[in-house]
Amino acid sequence: MGLQQFEERLERLVEGTLSKPLRSTLQPIEIGRRLTREMDLHRRVGVRGLIAPNSFTVTLSPADVDRFANFVDALSRELADAAREHARIEGYSFVGPVDVQVYEGTRLRPGRFVVTAEVVEGPEEVPAAELVLPDGRHFPLGDGPVTLGRLPDCDVVLNDPNVSRRHAEFRRTTDGVVVTDLGSTNGTRVNGVPVREQQLASGDEVTVGSTTLVFELS
């Protein structure tokens, strides 16, 4: 299901003005499939479960780098989001922020590409953070913002009629992790107190609609 959602997101990425540069045998979806497969191949057992690679290098032919040039940054972000989603679906954890870099390989032919994946620990002063969902699943919080709501495009999708379509966002700052209400109808509460924006401490309960999640630092 995670891969299907990823494919739909990449299809939207290449629609309209972004479709013209992609007249190539190589499609972004192929890169996403390879990236998630590398995560599965190089996962390892950690103290708290399975640890997946979080640092990825995508090497493309010069022709494909040229074709993707207009949206390579957007592609990197989508691939990083896909890695986070795949980790959530499979129950993987990260030990550092998710990073995807795209490079040119002068010896590669059009349509050929290479994806390498590594486990790279983040700075010691930046602890791993995650959300514990009501069903017990753990959603790791990486370096990018994580949105929560009812829309399928949200990073954490909640089937709760009292949750807004885009309800709240979690993001890292220099001081930690902050939750921000995105103008939701029913508001966001931290440990029962309504908030617009709040820095979180490990163990804090974040309630959106009728759903309560737990924020944890490791």
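Attention in this report is confined to the structure presented alongside it. (Residues numbered from 1 in each chain as written. Predicted model: local features only at pLDDT ≥ 70, side-chain atom pairs only at ≥ 80, totals over all residues. Heavy atoms only, no water.)

**Quick look at the nonpolar core**
Filter applied, for reference: Residues belong to a common nonpolar core when they are buried Ala, Val, Leu, Ile, Met, Phe, Trp, Tyr or Cys residues joined through side-chain atoms within 4.5 Å. Burial here depends on accessible area, computed with a 1.4 Å probe over protein chains only, as a share of the maximum for the residue type. Under 20% is buried, over 50% is exposed, and the range in between is partly exposed. Comment: elements are numbered from the N terminus, with helices defined as DSSP H or I runs of at least four residues and strands as E runs of at least two. Contact criterion: two residues are considered in contact whenever any of their non-hydrogen atoms come within 4.5 Å of each other.
Ranked by size, the top nonpolar core spans 23 residues in total, and within it Ile 31, Leu 35, Met 39 and Phe 56 carry the most contacts. Taken together, the elements giving at least two residues each to this core come down to α2 (28-41), β3 (55-60), α4 (72-90) and β5 (113-118). Those residues in contact with Phe 56, other than ones at most four positions away along the chain, are Leu 35, Met 39, Ala 83, Val 98, Asp 99, Val 100, Gln 101, Thr 116 and Ala 117. Core analysis: the second largest hydrophobic core is formed by 21 residues, Leu 131, Leu 133, Val 195 and Leu 200 among them.

**Things to note about α2**
Stated precisely, the cut-off is as follows: The span you would expect from a helix comes to 1.5 Å times its residue count less one.
In a regular helix each residue adds 1.5 Å, so 14 residues correspond to 20 Å; α2 covers 20 Å between its end C-alpha atoms and thus fits that length. When we look at burial in α2, the residues that qualify are Pro 28, Ile 29, Ile 31, Gly 32, Leu 35, Thr 36, Glu 38 and Met 39.

**Side note on the sheet that holds strand β16 (residues 211-217)**
Operational definition: Paired strands, in this sense, are two strands between which DSSP finds at least two bridges. Helix axes are fitted only over the stretch in contact, all axes being lines through C-alpha atoms; the angle between N-to-C directions runs from 0 to 180 degrees.
Taken in spatial order, the six strands of this open sheet run β7-β6-β16-β15-β12-β13, and their pairing is antiparallel. In the strand order of this sheet, the two ends are held by β7 (138-141) and β13 (193-195), each with one partner. Averaged over neighbouring strand pairs, the angle between their axes works out to 30° when direction is ignored. Both strand β12 (residues 188-190) and strand β15 (residues 205-208) contribute to a ladder of three bridges, which runs antiparallel. Across the sheet, the residue bridging to Thr 188 is Val 208, located in β15.

**Let's talk about the environment of Ser 202**
Counting through the fold element by element, Ser 202 comes out in the loop between β14 (197-199) and β15. Along the primary structure Ser 202 and Glu 130 are separated by 72 residues, whereas in three dimensions their C-alpha atoms are 9.4 Å apart. Once you skip the residues sitting within four places of it in the chain, Ser 202 turns out to touch Phe 215, Glu 216 and Leu 217.

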